[in-house]
Amino acid sequence: MLLRQMKYFVSVADNKSFSEAAVECFISQSAVSQQIKVLEDELGVELIRRSNRRFQLTSAGEYFYAQSRKIMQEVNTIKNTVKQIEQHEQGLFRLGCLNGYNVIQICTAVNELLAAHENMNIEILWGEHDELLAKLHQQELEMVICDIRPEEDYEELVQHSLSEEPLWAAISVRSPLAQEDYLDVAQLENMQCVLLTAPKDRDNTEKYYQRLLNFFGNCVTPPRLSAALSYLINNTAFMPLRGRDASMEGYRSFIKVLPLQKNNEPILVRYAILYNTNETNANYDKTQGSNQSRIKRLLLEKLLPNYEF
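Residues numbered from 1 in each chain as written. Predicted model: local features only at pLDDT ≥ 70, side-chain atom pairs only at ≥ 80, totals over all residues. Heavy atoms only, no water.

As a further point, take the nonpolar core. Core analysis: the largest hydrophobic core is formed by 55 residues, its most contacted members being Leu-95, Leu-213, Phe-238 and Leu-260. With six residues, strand β14 (residues 268–276) is the largest single contributor of residues to this core. The residues contacting Leu-213, other than those within four sequence positions of it, are Leu-167, Val-185, Phe-238, Pro-240, Leu-260, Lys-262 and Ile-267. Within the second largest apolar cluster, 19 residues are counted, among which are Tyr-8, Leu-39, Phe-64 and Met-72. (Core = buried A, V, L, I, M, F, W, Y, C linked by side-chain atoms within 4.5 Å. Buried < 20%, exposed > 50% of the residue type's maximum accessible area, 1.4 Å probe, protein only. Helix = DSSP H or I, 4+ residues; strand = E, 2+ residues; numbered from the N terminus. Contact = heavy atoms within 4.5 Å.)

Written out as C-alpha cells, the structure is:
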C-alpha cells in the first residue's frame, strides 16, 4: 500500500468525483481509478461502490477514509516540520497572499526590501482564503494578506486593515443587463453563479458567497477560467469578481464587468494583513525571532503608510 494511493482515495472521497480528484492530483482520471482498484485488490475489500456513474463509500471505505485522512495529516505535519526546521535555519519569511489581490503593490514592496537588504529571504505564496488561513494557523506562513469574512473568528491573530473594495460581476455582453450601470443581486437570482475555486474549497466558497450576496441559486465551480467563461458566453451565469480581478482585460469583447450591489448598496470586501503572535506560534524560534520580527515590521511599513511599530 502506497501513500499516493491513500492520497488519491481521500481526494476522490473529498471531491465526490474521480474527474475532480484527477485534476487536484495532477494525473489522469483513468490513473486514479486504476490506483484505487489496486488498493482495493490489495486490501481484499470494496472501498467504493459504483453505480450508474455515481458512487458511495462502503462501510470499509468510510473507515479507510477516516484513517487515511489521519495518516495523510500526520505525514503532512512531518513534512512541514522538516521544511520549517530548514527554513528557520535559513531565516526564510513566508508571505501568503490572496490570488489576484494587489499583486503589483505586494511584489513591489517585497522587491524593494530584497534589493535593500541583501541577506533577507522572503517567499511569496499565492492562494485562496481557506488555504492561506489554514497554513497560517499551522505556522506554515509567517504573514497572510487576504479578505476578511464576518462569519470567521480572527481573535487569535493580529490584524491590520488594508483596504475595503467593491465586488464586481462579469456577465455576457449579450445580456440585457449589460446595458445597466450596475447589477443588483436580485436581478441575478435566475442565473447560475460561477465561482473559481479549488475543489477542496468549494463548499466553503459557496457558503461564503451565498451569505455575502444573499444568493441561493445554483452555483457552479468549473476547474479553470476557460470553462467559467463558457458559462458567461452562453448568457446563463454571472461570475463575482474581486476588485483586482475586475479588469478582465482581453475578454471585454464578450464580457461586461459591472459593480455589484445588494438592496441598492455596494457590496464591499475588506482586506487585511494577518499574523500569529509569537506566543501562539508553537514553532517560534527565539534565535530567528528578531529577524522574523524585523522583516514583518519592514513589510508592514511598506504596505501600511500610517503604520507605527
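Our focus in this paragraph is the confidence of the model for the protein. Per-residue confidence for the protein gives a mean pLDDT of 86, with 91% of residues at or over 70. Within the model, the stretch residues 279–287 combines pLDDT values under 50 with ten contacts to residues more than four positions away or in other chains. (pLDDT = per-residue confidence, 0-100.)

How two aromatic rings sit relative to each other is given by the distance of their centres and the angle of their planes. Evaluation of the coordinates by the stated rule reveals six aromatic pairs. Of note, Arg-149 hangs over the ring of Tyr-208, and the distance from its end group to the ring centre comes to 3.7 Å. (Phe/Tyr/Trp six-rings, centres within 6.5 Å; stacked < 30°, edge-to-face > 60°. Lys NZ or Arg CZ within 6 Å of the ring centre and 35° of its normal.)

What follows concerns the pairing of strand β3 (residues 93–98). Every regular strand shows the same layout, with side chains that alternate between the two sheet faces. Burial analysis of β3 places six of its six residues in the buried class, which makes it a mostly covered element. Every second residue of β3 is oriented toward a common face, with Phe-93, Leu-95 and Cys-97 on one face and Arg-94, Gly-96 and Leu-98 on the other, all of them buried. Examined bridge by bridge, β3 and strand β4 (residues 122–127) share six bridges and lie parallel to one another. Residue Arg-94 lies in a different strand from β4, and its bridge partner there is Glu-123. Remark: the β3/helix α5 (residues 103–116)/β4 crossover connection has right-handed handedness. The sheet contact formed by β3 and strand β5 (residues 143–148) spans three bridges and is parallel. If you follow Cys-97 over to β5, its bridge partner there is Ile-145. (Pairing = 2+ DSSP bridges. Right-handed = clockwise from strand over helix to strand, strands pointing away.)

The next point concerns the packing of helix α2 (residues 18–25) against helix α3 (residues 29–43). Running from N to C, α2 and α3 point in directions that differ by 100°, and their axes come no closer than 8 Å. Taken together, the axis directions place α2 and α3 in an arrangement best described as roughly perpendicular. Here Phe-18, Ser-19 and Ala-22 of α2 lie close against α3, whose contacting residues are Gln-29, Val-32, Ser-33 and Ile-36. A per-class count over the contact of α2 with α3 returns four nonpolar, three polar and no charged. (Axes fitted to C-alpha atoms, helices over the stretch in contact; angles between N-to-C directions. Parallel < 35°, antiparallel > 145°, perpendicular 65-115°, else oblique. Nonpolar A, V, L, I, M, F, W, Y, C, P; charged D, E, K, R; others polar.)

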